[in-house]
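So you can see what is in the structure, the chains are spelled out below.
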Amino acid sequence: HCQVSMDLNSASTVVLQVLTQATSQDTALLKPAEEQLKQWETQPGFYSVLLNIFTNHDLDVNVRWLAVLYFKNGIDRYWRRVAPHALSEEEKSTLRAGLITNFNEPINQIATQIAVLIAKVARLDCPRQWPELIPILIESVKVQDDLRQHRALLTFYHVTKTLASKRLAADRKLFSDLASGIYNFACSLWNHHTDTFLHHVSSGNEAAALNSLERTLLSLKVLRKLTVNGFVEPHRNMEVMGFLHGIFDRLKQFLECSRNVDTDTVFRDKLEKTIILFTKVLLDFLDQHPFSFTPLIQRSLEFSVSYVFTEVGEGVTFERFIVQCMNLIKMIVKNYAYKPSKNFEDSSPETLEAHKIKMAFFTYPTLTEICRRLVSHYFLLTEEELTMWEEDPEGFTVEETGGDSWKYSLRPCTEVLFIDIFHEYNQTLTPVLLEMMQRLQGPTNVEDMNALLIKDAVYNAVGLAAFELFDSVDFDQWFKNQLLPELQVTHNRYKPLRRRVIWLIGQWVSVKFKSDLRPMLYEAICNLLQDQDLVVRIETATTLKLTVDDFEFRTDQFLPYLETMFTLLFQLLQQVTECDTKMHVLHVLSCVIERVNMQIRPYVGCLVQYLPLLWKQSEEHNMLRCAILTTLIHLVQGLGADSKNLYPFLLPVIQLSTDVSQPPHVYLLEDGLELWLVTLENSPCITPELLRIFQNMPPLLEQSSENLRTCFKIINGYIFLSSTEFLQTYAAGLCQSFCELLSDITTEGQVQVLKVVENALKVNPVLGSQMFQPILPCVFRGIIEGERYPVVMSTYLGVMGRVLLQNTSFFSSLLTVMAHKCNQEMDQLLGNMIEMWVDRMDNITQPERRKLSALALLSLLPSDNSVIQDKFCGIINIAVEGLHDVMTEDPETGTHKDCMLMSHLEEPKATEDEEPPTEQDKRKKMLALKDPVHSVSLQQFTYEKLKAQQELLGEQGFQSLMETVDTEIVTQLQEFLQGF
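This structure is a prediction, so every number in the text was calculated from the model and none was measured. (Residues numbered from 1 in each chain as written. Predicted model: local features only at pLDDT ≥ 70, side-chain atom pairs only at ≥ 80, totals over all residues. Heavy atoms only, no water.)

1. Notes on the overall build of the protein
Scanning the protein for helices and strands turns up 47 helices and two strands. What you see for the protein is a C-alpha radius of gyration of 39 Å, clearly larger than the 30 Å of a compact globule of 980 residues, by over 25%. When the backbone C-alpha atoms are referred to their principal axes, the protein occupies close to 120 × 90 × 65 Å. Buried residues in the protein amount to 54% of all 980 residues. (Helix = DSSP H or I, 4+ residues; strand = E, 2+ residues; numbered from the N terminus. Rg over C-alpha atoms; globule rule 2.2 N^0.38 Å. Buried < 20%, exposed > 50% of the residue type's maximum accessible area, 1.4 Å probe, protein only.)

Okay, here's the thing in structure tokens:
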């Protein structure tokens, strides 16, 4: 490899040659060149060579561009002193000087990249290692040469922007010092370029005007960063406040300039950018310094309201500017800093001052005018929107409900402003809106398009203000007398109102809508889902979703309409073609299925046949696939055991969504795991394919992510479904994963792992003990060492209780292994374990585990082993504690019985609201019937064990053993065992 630290000229030739190869389209040249450049990255002198290359304007542009990029990456990796292979201080010093020698880069894109990399160095080195940077920039932006002046200004902007973004207190102090030092200069620079621009405009020289506008924009960008981030108390600085107050007059001058400029030109575009930047300065300043903004509140409101709501704005405003002005009004109206407390006396003087200015501005006439203009002007559907409705109905609904460009477009901005102003001044504005409603009673002439659009706008306002109008509108009457009849007007020109009315009802359903009226609404929805207009049908589906999601929803009212609605929604799903709309309709279908659960079974055939086709078509659309997964989750829950018929489609979908080696899993994994889980919960029996999908699990456990909890539920699902086949096939690998997990996982995670082992032992004690054998020593050790986390200790005792009670021979062999490992006698270990168990019984809070502990420890009796006899007192204490837990009085017979005993006869009745039991619930119930905790009476078991112990030791031996137990405990024991 060439050592770059040779002399610059010969090195430049070699590096230049390799960079030229690296810009080639031919991989045979490109790959080795990239490798070589990568190796040079850490060579001393390499970045000096790159600087030489990209500042040489005679070389090929692509080669220079690549040299700049490599230089920029080098700053990120090797400029900090502490970085591995860091650049030497002397090389950095040479590079810093070289970067700001002359600001004369002819190519715009390269000039921007150089400005960015100077800013990157400044972020790390300015001002301490690079005090000369700012003075040189200030000198360079004053020069007469056009190109040099522009490039210096571009760099000045990027440096300011980068330094302003630093957040540590010391850095902010440095930036504040810098801002104070250069603010005056920055202001005069901006004023100079602005005046030059306005002069060129008035003399009609567009080329020169464009040139100076570019500089005006850059110097304003610098000022924005200095003004917003450079001062702790900007209102105390005359220059800052002077600049901000001057913005409004400057804005008027620029807006006037725009009056005669053609649209769609570079000049127009730059001009609009500058106008928007003025508004950004005000918005940012208000956001960062609300109290410093107080002197500007009056002027900001007057300016914004006059341009947006009066004729002043005609001919000069444009959409993005109106949006910014509305945002300014909204931020002042909503600003928390300007809202006094309930008790005025508790508010700060600054807050009261700002509040006073707001109240003085928002008089009754002003508010009324704003409200009327918002509704009758800004809420009207435009020609453009109506054309889109006709030509691209799905595009129109996506746009209306928040497409990507929605956030910055006018309609949502006006709606949000209306909501905020109405909320803040609802006592003033409610009568205004009610009066508008009053004027619109009765049907509207379909020939009068303007009247239809006004009504649409007023209805929009009534929907947006639903919460505020709660007490003022008798919605139920209005629904019956006015809205329902409007929905029955089928004329094509009436469709904006049919859509708006059904939307409006959706807004009010959760606010105020009598339950008895729902059937009338369902009837209307069924009709509108058959409307000739697609937009109306889609809007109706949205309202249906809001209706079934509402907490007052009643299934019995809905069922008569279910078949019709489901069929029509399904037809809509097939008709729409856009990915977003399909997702939306699927979401509505999901909500309906979720709400009616099992009642959906007769109607889902068509959907079940269509989903595989939709899945295939949506290969490129992961978000649509997520929506299909959600629908499947609700379908499986609705179908219960019948979901087995979906397996040919369902299982491959789960397989793909949960396979971490497949790229789509990034989007599909969470919903895919949820679907896997409900499939298991509702599966009537295991199938080879369902068992095979478990191969996806080990890599998922390795990821140890937020999905672990669902993964454990899935593992438990398999254990309940088919413990023998599942454990024989997968337990060995699972055990290995668990051992790795236990070593680096949270307490919560440890408990989840141990619960799986506990469930396996509960379902299949023999196989469970064999399969999870490697984990059990760590459980044993945890018990005798007195695990400090109660929740982990409780789970350890749950696991050990199962082994001791249900697989005694295995417990003996485990004890042997542990004695060998710990180099102790078996009896001594057993004694330690019983002692710790008795001591930490209070860690166990679950009733099942408490009873299990009592049964497990009692199962050690009868015994003539001296250690067990030594711990007899503790065992009896636990037994009596257990009896206190489980014995309840039977009101009919007056006797006590074990409340944990279950019989086949107890079939809990599912109430109206409860979900019917899943297949897994039934399996758990069957399991409980065989579980000693639920099938063995603790009272009976205690009696039999004591009797056997008595027979083993004889009366006298037994008596002396009983004397080791506290007399109070003995008395309680006798009471529990009466009648035996």
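2. Brief notes about the nonpolar core
Formed by 341 residues in total, the largest nonpolar core has its most connected members in Phe-418, Trp-676, Ile-715, Tyr-718 and Phe-738. Here this core takes 17 residues from helix H34 (residues 708-743), the largest share from any one element. For Trp-676, the contacting residues outside a window of four places in its chain are Ile-654, Thr-658, Ile-693, Phe-694, Asn-696, Met-697, Leu-700, Ile-714 and Tyr-718. (Core = buried A, V, L, I, M, F, W, Y, C linked by side-chain atoms within 4.5 Å. Contact = heavy atoms within 4.5 Å.)

3. Re the packing of helix H29 (residues 622-639) against helix H31 (residues 665-681)
Any two packed helices are characterised by the angle at which their axes cross and by the distance between the axes. Orientation of H29 relative to H31, taken along the N-to-C sense of each, is 15°, at an axis distance of 9 Å. When the axes of H29 and H31 are compared, the pair comes out roughly parallel. Pair H29 / H31 crosses with left-handed handedness. Taken together, the residues of H31 that come into contact with H29 (itself represented by Asn-622, Met-623, Arg-625, Cys-626, Leu-629, Thr-630, Leu-632, Ile-633, Val-636 and Gln-637) are Tyr-667, Leu-668, Asp-671, Gly-672, Glu-674, Leu-675, Val-678 and Thr-679. Its residues assigned to classes, the contact of H29 with H31 comprises 10 nonpolar, five polar and three charged. (Axes fitted to C-alpha atoms, helices over the stretch in contact; angles between N-to-C directions. Parallel < 35°, antiparallel > 145°, perpendicular 65-115°, else oblique. Left-handed = near helix turned anticlockwise from the far one by under 90°. Nonpolar A, V, L, I, M, F, W, Y, C, P; charged D, E, K, R; others polar.)

4. Digging into the environment of Phe-54
Tracing the backbone through its elements, the reader meets Phe-54 in helix H3 (residues 46-54). Judged by relative accessible area, Phe-54 falls into the buried class, the value being 1%.

5. Points about the UniProt feature "domain: Importin N-terminal" (unreviewed entry) in the protein
If you check UniProt for "domain: Importin N-terminal" (unreviewed entry), the listed places come out as residues 33-105 in our numbering. With 63% helix and 0% strand, residues 33-105 has its two end C-alpha atoms placed 26 Å apart. (UniProt positions renumbered as here; feature names shortened; annotations may be inferred.)

6. So, the layout of surface pockets
The calculated volume of the largest pocket comes to roughly 630 Å³. Lining the largest pocket are 25 residues, with Phe-720, Lys-755, Asn-759, Lys-762 and Lys-924 positioned closest to its centre. Among the secondary structure elements, those contributing two or more residues to the lining of the largest pocket are H31, H34, helix H35 (747-763), helix H41 (847-858), helix H44 (919-930) and helix H45 (932-935). Grouping the constituent residues of the lining of the largest pocket by class yields seven nonpolar, seven polar and 11 charged. (1 Å grid on protein atoms, 1.4 Å probe; cavity = no way out; pocket = protein on both sides within 12 Å on 5 of 7 lines; lining within 4 Å. Points joined across faces, edges and corners; volume = space filled by probe spheres on them.)

7. A word on the pattern of salt bridges
Taken as a whole, this structure holds 46 salt bridges when the rule is applied. Between Asp-456 and Arg-500 there is a salt bridge, with its nearest N and O atoms 3.0 Å apart. Of this pair, Asp-456 sits in helix H21 (residues 449-464) while Arg-500 sits in helix H23 (residues 495-509), and the two are 44 residues apart along the sequence. You can call Arg-500 buried: its relative accessible area is 3%. As a salt-bridge pair, Glu-758 and Arg-849 come within 2.9 Å of each other at their nearest N and O atoms. With Glu-758 in helix H35 and Arg-849 in helix H41, this pair connects stretches of sequence that are 91 residues apart. Take Glu-758 and Arg-849: they sit in the same class, and that class is buried. (Salt bridge = Lys/Arg side-chain N within 4 Å of Asp/Glu carboxyl O.)

8. Structural notes on the packing of aromatic side chains
Scanning the model with the defined rule gives 40 aromatic pairs in all. Plain terms: the ring middles of Trp-40 and Phe-46 are 6.2 Å apart, the flat faces sit at 45° to each other, and that makes the pair tilted. You'll find Trp-40 and Phe-46 in the same group, each marked buried. Aromatic side chains Tyr-183 and Phe-231 sit 5.3 Å apart centroid to centroid with 85° between the ring planes, which places their arrangement in the edge-to-face category. With Tyr-183 in helix H9 (residues 169-202) and Phe-231 in the loop between helix H10 (206-229) and helix H11 (238-258), this residue pair connects regions lying 48 residues apart in the sequence. By relative accessible area, Phe-231 is classed as buried at 10%. An aromatic cluster of three or more residues is present, and its members are Trp-190, Phe-197, Phe-243, Phe-254, Phe-267 and Phe-278. Cation over ring: Arg-500 sits above Trp-503, and NZ or CZ is 4.8 Å from the ring centre. In this structure, Arg-625 is placed above the aromatic ring of Trp-615, and the distance from its NZ or CZ to the ring centre is 4.1 Å. (Phe/Tyr/Trp six-rings, centres within 6.5 Å; stacked < 30°, edge-to-face > 60°. Lys NZ or Arg CZ within 6 Å of the ring centre and 35° of its normal.)

9. Points about H41
Every α-helix winds through 3.6 residues per turn, so residues three or four apart in the chain are directed the same way. For H41, which comprises 12 residues, the first-to-last C-alpha distance of 17 Å matches the rise-based estimate of 16 Å (1.5 Å per residue) to within 8%. Counting buried positions over the 12 residues of H41 gives 10, a clear majority of the element. By the burial criterion, the buried members of H41 are Arg-849, Arg-850, Lys-851, Leu-852, Ser-853, Ala-854, Leu-855, Ala-856, Leu-857 and Leu-858. (Expected span 1.5 Å × (residues − 1).)

10. Describing the packing of helix H4 (residues 61-78) against helix H6 (residues 108-125)
Put simply, H4 and H6 touch, their axes get as near as 10 Å, and they point 15° apart. With respect to H6, the element H4 is oriented roughly parallel. Seen along the crossing, H4 lies across H6 with a hand that is left-handed. Taking contact as the criterion, the partners of Val-61, Arg-64, Trp-65, Val-68, Leu-69, Phe-71, Lys-72, Ile-75 and Asp-76 in H4 are, on H6, Gln-109, Ile-110, Gln-113, Ile-114, Val-116, Leu-117, Lys-120 and Val-121. When its residues are assigned to classes, the contact of H4 with H6 shows 11 nonpolar, two polar and four charged.

11. A word on a negative patch on the surface
A contiguous patch of negative charge on the surface is contributed by Glu-391, Asp-392, Glu-578 and Asp-580. Residue position: Glu-578 is located in the loop between helix H26 (555-575) and helix H27 (579-596). (Patch = residues over 30% accessible without salt bridge, like charges linked within 9 Å, V, L, I, M, F, W, Y side chains within 5 Å. Areas by Shrake-Rupley, 256 points an atom, 1.4 Å probe, with all protein chains shown as cover. Lys, Arg positive; Asp, Glu negative; His and termini not counted. Charge placed at Lys NZ, Arg CZ, Asp CG, Glu CD.)

12. Comments concerning unusual backbone geometry
What is expected of a backbone is that most residues other than glycine have negative phi and most peptide bonds are trans. In the segment running from Cys-126 into Pro-127, the intervening peptide bond is cis, with an omega of 5°. Relative to the elements of secondary structure, Pro-127 occurs in the loop between H6 and helix H7 (133-140). In this chain, Leu-861 is followed by Pro-862 through a cis amide linkage whose omega measures -5°. Checked against the element boundaries, Pro-862 lands in the loop between H41 and helix H42 (866-870). A positive phi angle is found at His-85, which is not glycine, with a value near 60°. Here His-85 lies in the loop between H4 and helix H5 (89-99). Looking at His-85, the relative accessible area reads 55%, which means it is exposed.

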